[in-house]
Amino acid sequence: MAGLTFQILVDDTLAGVTSTSQLIGVVNKRVLSLINDFEDAEWRYPKFQSYLWDNIAQTALSEKERSALVDQSHSCLVAAAQNLKLTDKDEIGKGSEIAEVFLYGLMRHRFGALPVVPKIFYKQNVQDNAKGADSVHIVVDGDDFTLWFGEAKFYNSITDVRLDSVVDSVMNSLSTDKLKKENAIITSVADLDGLSIAANLRSKIKAALDNRDSIDNLKSKIHIPILLLHECPITSNTKDLTDAYKIEIATFHKNRADAYFLRQIAKSKSVHKYDDLNFHLILFPVPNKKKIVDAFVQAVAFYKGQK
């Protein structure tokens, strides 16, 4: 899809890539592995940063704000920066906004998703909405739709211990109370009314999200994209986009997908109709997390200063 500038190494069901007998036959879980490329023997940091800033308005501004700033690129970036937090002193949350923005871009360009709740905007402006999914989208398919509640992480590694924490976060987000809260947020904010979709489909979406109905009826429409941006020694030791590098990353990501989903399935009994839900593990390696975070923080500070 136009706009996605990163190379896809793996895009398949878990059943299609796994080598673990317990996971063969699992088709409602998918694995997406993407990579950046290299230039002059360097990983392309500027390309990655540009992708963040090209997509930042989708998550940091409301639909009304975006519409008001059409064709005003600089003003749009300045406005978006006001809703970003400088996370250089927040060791736990460092880089979290980067992952959220990156996931919004992927949802838009890879899955054709429409932004429903620009979460960074609402986290900054309405504290009650701060918890829950890191991204909320609707994907329209003809006269029907699916709901996408995303998790976005930026880690120094994706060892087994890290995967355990991601599984816990995802499982916690799937409680009935939290899903209904997300649905209530979708229907209460004005952004849904601003989407370019048919009026009858908009009414259908609002009716389906009515909290008076059982969440069980929605489970098959719910997709959970789980983005893991991660620092990667393989990538930091590479200078060219070779076939050997691509094979090594694809193999590593398939291994991590197996490890992740084995852990998630082991904890799935706490979620009613778990097998109806759709999961997408998205992996993207970077050579140096600190360098990316520092550059992003510096850019945010610059745009904040333009107001």
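In this text the structure is predicted, and so the values were computed from the model without any measurement.

What follows is about the overall build of the chain. Helix and strand content of the chain: 13 helices and 9 strands. By residue count, 53% of the 307 residues in the chain fall in the buried class. If you take every contact in the chain between residues at least 6 apart in sequence, the share linking residues at least 24 apart comes to 74%. Roughly 13800 Å² of accessible area belongs to the chain as shown, and the carbon and sulfur atoms make up 49% of that amount.

Moving on, we get to the side chain of Ser 173. Within the secondary structure, Ser 173 sits in helix H7 (residues 160–173). Note on Ser 173: relative accessible area 18%, which makes it buried. Among the polar contacts made by the side chain of Ser 173, one reaches the main-chain carbonyl oxygen of Val 170 at a distance of 2.6 Å. Not counting chain neighbours up to four residues away, the residues in contact with Ser 173 comprise Glu 151, Lys 178 and Leu 179.

The next thing to look at is unusual backbone geometry. In the Ramachandran plot, Asp 40 falls in the positive-phi region, its phi being about 50° despite a non-glycine side chain. Residue placement: Asp 40 occurs in the loop between strand S3 (38–39) and strand S4 (42–43). Non-glycine residue Ala 41 carries a positive phi angle of around 65°. Here Ala 41 shows up in the loop between S3 and S4. Look at Ala 41 and you get partly exposed, because its relative accessible area is 36%.

Bringing the packing of aromatic side chains into the picture now. Taken as a whole and assessed by the stated rule, the structure comprises 14 aromatic pairs. With 5.1 Å between their ring centres and 80° between their planes, Tyr 260 and Phe 261 make a pair best called edge-to-face. The pair Tyr 260 / Phe 261 is uniform in exposure class, with both members buried. Among the aromatic residues, those joined into a ring-pair cluster are Phe 6, Trp 43, Tyr 45, Phe 48, Tyr 51, Phe 102 and Phe 284. Taking the ring centre of Phe 154 as reference, the NZ or CZ of Lys 289 above it sits at 5.3 Å. The positively charged end of Lys 291 is found above the aromatic ring belonging to Tyr 45, 4.2 Å away from the centroid.

It is worth spelling out helix H10 (residues 199–208) at this point. An α-helical segment advances 3.6 residues per turn. Residues three or four places apart therefore align on the same side. All buried positions along H10 are accounted for by Leu 201, Arg 202 and Ile 205. An end-on view of H10 places all buried positions within 105° of arc, on one side of the element. Facing away from the buried side of H10 by over 90 degrees, the exposed positions are Ala 199 and Asn 200.

The next point concerns the packing of H7 against helix H12 (residues 243–266). One way to put it is that H7 packs onto H12 with a least axis distance of 9 Å and a crossing angle of 45°. Classified by the angle their axes make, H7 and H12 are oblique. The handedness of the crossing between H7 and H12 is right-handed. Residue-level contacts link Asp 160, Leu 163, Asp 164, Val 166, Val 167, Val 170 and Met 171 of H7 to Arg 256, Ala 259, Tyr 260, Arg 263 and Gln 264 of H12.

Here we take up the nonpolar core. One finds Val 170, Leu 174, Ile 226, Tyr 260 and Phe 279 to be the most contacted residues of the largest nonpolar core, which totals 44 residues. Leave out the neighbours within four places in its chain, and Phe 279 touches Asn 28, Lys 29, Arg 30, Val 170, Leu 174, Ile 224, Ile 226, Phe 261, Gln 264 and Tyr 274.

Now for the pattern of salt bridges. Two side chains bearing opposite charge may form a pair once their charged atoms approach each other closely. Under the counting rule described, the total for this entry stands at 15 salt bridges. Residue Arg 110 is joined to Asp 11 by a salt bridge in which the shortest nitrogen-to-oxygen separation is 2.3 Å. Here Arg 110 is found in helix H5 (residues 96–110), whereas its partner Asp 11 is found in strand S1 (residues 7–13), with 99 residues between them in sequence. Judged by relative accessible area, Asp 11 falls into the partly exposed class, the value being 33%. One salt bridge in this structure joins Asp 276 and Lys 273, with 3.8 Å as the shortest N-O distance. The partly exposed category is assigned to Lys 273, whose relative accessible area is 35%.

If you trace the backbone, His 280 turns up in strand S9 (residues 278–286). The class for His 280 is buried, based on a relative accessible area of 7%. His 280 sits 248 residues away from Leu 32 along the chain, and the two C-alpha atoms are 7.1 Å apart. Those residues in contact with His 280 that lie beyond four places of it in its chain are Arg 30, Phe 111, Trp 148, His 223, Ile 224, Pro 225 and Ile 226.

Moving on, we get to the pairing of strand S8 (residues 222–231). When you tally the buried positions in S8, you get 9 out of 10 residues, the bulk of the element. One ladder, built from 7 bridges, connects strand S7 (residues 144–155) with S8; its direction is parallel. Across the sheet, residue Lys 153 finds its bridge partner in S8, namely Leu 228. As paired strands, S8 and S9 are joined by 9 bridges and run parallel to one another. If you follow Pro 225 over to S9, its bridge partner there is His 280.

What counts, and at which threshold
Residues numbered from 1 in each chain as written. Predicted model: local features only at pLDDT ≥ 70, side-chain atom pairs only at ≥ 80, totals over all residues. Heavy atoms only, no water. Helix = DSSP H or I, 4+ residues; strand = E, 2+ residues; numbered from the N terminus. Buried < 20%, exposed > 50% of the residue type's maximum accessible area, 1.4 Å probe, protein only. Contact = heavy atoms within 4.5 Å. Areas by Shrake-Rupley, 256 points an atom, 1.4 Å probe, with all protein chains shown as cover. Polar contact = N/O pair within 3.5 Å; in protein donor to acceptor, adjacent residues only side chain to side chain. Phe/Tyr/Trp six-rings, centres within 6.5 Å; stacked < 30°, edge-to-face > 60°. Lys NZ or Arg CZ within 6 Å of the ring centre and 35° of its normal. Arc of directions from axis to C-beta. Axes fitted to C-alpha atoms, helices over the stretch in contact; angles between N-to-C directions. Parallel < 35°, antiparallel > 145°, perpendicular 65-115°, else oblique. Left-handed = near helix turned anticlockwise from the far one by under 90°. Core = buried A, V, L, I, M, F, W, Y, C linked by side-chain atoms within 4.5 Å. Salt bridge = Lys/Arg side-chain N within 4 Å of Asp/Glu carboxyl O. Pairing = 2+ DSSP bridges.

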